[in-house]
Amino acid sequence: MHKVDFEMVEMTLDVMKYAIGRITHPAPELGKPKKEEELKTLVGETITPDGIGGERAFQLFKEVLIKATVPIDHPRHLAFVPASPTRAAVMFDLVTSASSIHGAYWMEGAGGIFCENEAMKWLVSLTGLPKGSFGVFTSGGTAANLSAMVTARENWRKNPENVNKKGLIITSSGAHSSVKSMAKVIDCDVLLVETEEQMTAEALSDSIITLDAQQRDRLFAVVATGGTTNAGIIDDLSGIAEICGAENLWFHVDAAYGGGALASKSARPLFHGIEKADSITIDPHKWLFSPYDCGAIIYKNPELAKEAHSQEGSYLEIFKDEGAHGFNPSDYQIQLTRRVRGLPLWFSLAMHGTDKYSWAVDQGIGLANLAGQLIRKHPLVELVREPSLSCVLFRRKGWLPQDYTHWTYKNHREGFALVTPTKYRQKGVYETVARFCFINPDTTEKDISMILDSMALKDVV
């Protein structure tokens, strides 16, 4: 398995040919999932005692399996939070894997970790956090949020009176699902400020006032959102920061999606107050054009994270030896073993420069505003709310929830587009609406118009 022979060289060339073709293809086929039994029938047994050979396995992947996936970088993939990694980042993801770098400790991964840290310095600079702030790349927003909340809770439990208490976090109902999921992992309670719009300082203050003495005693953190996944809404970060300071609460900002907009000079003022956060989540694999998976957690005081996450073990002692001194990413988040997932971002930034990143982020914001204009002019649709960051919520006049579902599947089935519905609450009532999220600079005005026009079809089943 580990020897290099002619067959392996040929296989490597085939893989590189495929990768080059995929990287240079601006609009890959919009695949669609198949049921497991369908895939099994098509590919048969692939894991066998003797193996089926690389050529056969790769053929099945190219001809069957890849077509049962949805490429996140398709210009008409506007659902969820899509992604659009730069070609440079994708290329260097190949280099990252081929280099086999263990990215947990400086002793083994110094060169790769150095590159990650150069990219991290740029990320930190976007936030405006004070000198000494730093972070580490994670698998995504969930791991970043979890790492931050573990740090916040352990800092809170430095007070002996809090050691055996079950913590309490306040966030908004519009916060990402990972916040509530993360709270389950660390066994703490979550109090929701009920709003689909911006969580204001006033609403947060009102929620804190309503807490009884026991709840207030357990409250240790507030999670604000820097760009909600559903609608791109940014909470009142400055006002929330003031309350957290006055109440001695950890202030975390989940900007996994919206944090990319910090690279935009026009959008940066919308995040006023983020520089006062104790920790910030940003996902470069969303709006900073990195391949999956690449999240980031940034701390105002990294030493607090190190106290919470640094692992002990006889086999790890060598990493603390004088000859191994350097930045150890495993000390600042929940993972020990990790790949240097920040390397593709570093290479792309080094290759293209930060100005091009600012331009690409502005393109997403511009596409959202353009979509808003097209929706206002279109006779069959209307805006639910004004576009925010790169998100647009709109309704098809006269449609019921099932109409949106049928429309989504029809477009996907035909390989045309993937645009999914969501629910949005106004005046206490949830409504099914359509949603665009623009990340890919290659999306065009024609793409948007074609998707809107597809809502005119009478038969969408």
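Residues numbered from 1 in each chain as written. Predicted model: local features only at pLDDT ≥ 70, side-chain atom pairs only at ≥ 80, totals over all residues. Heavy atoms only, no water.

## Focus: the sheet that holds strand S8 (residues 381-383)
Line of reasoning, step 1. Reading across the sheet, the 4 strands line up as S8-S9-S11-S10 and stay open at both edges, with antiparallel pairing between neighbours. With one partner strand each, in any of the chains shown, S8 and strand S10 (421-426) form the two edges of the open sheet. Here the average twist between neighbouring strands, direction ignored, is 50 degrees.
Line of reasoning, step 2. Relative to strand S11 (residues 429-437), helix H15 (residues 401-413) is tilted by about 20 degrees, and along the sheet it contacts strand S9 (391-396), S10 and S11. (Pairing = 2+ DSSP bridges. Helix = DSSP H or I, 4+ residues; strand = E, 2+ residues; numbered from the N terminus. Axes fitted to C-alpha atoms, helices over the stretch in contact; angles between N-to-C directions. Contact = heavy atoms within 4.5 Å.)

## Some words on helix H7 (residues 177-185)
Line of reasoning, step 1. Taken as a whole, H7 has its buried residues at Ser-178, Val-179, Met-182 and Ala-183. Seen along its axis, H7 keeps its buried residues to an arc of 145 degrees; they face one direction. Exposed side of H7, more than 90 degrees from the buried face: Ser-177 and Lys-184 are the residues found there.
Line of reasoning, step 2. A positive backbone phi angle near 55 degrees is found at Asp-187, which sits one or two residues after H7. (Buried < 20%, exposed > 50% of the residue type's maximum accessible area, 1.4 Å probe, protein only. Arc of directions from axis to C-beta.)

## Comments concerning the packing of aromatic side chains
Line of reasoning, step 1. One pass over the structure, following the stated rule, counts 15 aromatic pairs.
Line of reasoning, step 2. Here the aromatic rings of Tyr-18 and Phe-58 are separated by 5.7 Å at their centres, their planes lie at 80 degrees, and the arrangement is edge-to-face. You can see Tyr-18 sitting in helix H1 (residues 6-23) and its partner Phe-58 sitting in helix H3 (residues 54-65), a full 40 residues away along the chain.
Line of reasoning, step 3. We classify Tyr-18 as partly exposed; its relative accessible area is 28%.
Line of reasoning, step 4. With centroids separated by 5.5 Å and ring planes inclined at 10 degrees, the aromatic side chains of Tyr-257 and Trp-287 adopt a geometry described as stacked. (Phe/Tyr/Trp six-rings, centres within 6.5 Å; stacked < 30°, edge-to-face > 60°.)

## Some words on the pairing of strand S5 (residues 250-254)
Line of reasoning, step 1. Counting buried positions along S5 yields 5 of 5 residues, so the element is predominantly enclosed.
Line of reasoning, step 2. The alternating pattern of S5 places Trp-250, His-252 and Asp-254 on one face and Phe-251 and Val-253 on the opposite face, and all of these are buried.
Line of reasoning, step 3. Sheet topology note: the strand S4 (residues 219-225)/S5 ladder contains 5 bridges and is parallel. Bridge pairing in S5 places Ala-221 opposite Trp-250.
Line of reasoning, step 4. Once you follow S4 into helix H10 (residues 237-247) and on to S5, the crossover reads as right-handed.
Line of reasoning, step 5. Here S5 runs beside strand S6 (residues 279-282); their pairing, made up of 3 bridges, is parallel. From the neighbouring strand, Val-253 faces S6, where its bridge partner is Ile-280. (Right-handed = clockwise from strand over helix to strand, strands pointing away.)

## Details of the sheet that holds S6
Line of reasoning, step 1. Read from one edge of the open sheet, 7 strands run S1-S7-S6-S5-S4-S2-S3, paired in mixed fashion. Among the strands making up the open sheet, the edge pair consists of strand S1 (134-138) and strand S3 (189-193). Going from strand to strand, the sheet's axes swing by 20 degrees on average, the running direction of each strand aside.
Line of reasoning, step 2. In the packing of helix H6 (residues 141-156) onto the sheet, contacts are made with S1, strand S2 (168-172), S4, S5, S6 and strand S7 (295-299), and the angle to S5 comes to roughly 180 degrees.
Line of reasoning, step 3. Across the sheet, H10 lies against S4 and S5, angled at about 155 degrees from S5, the strand it touches most.

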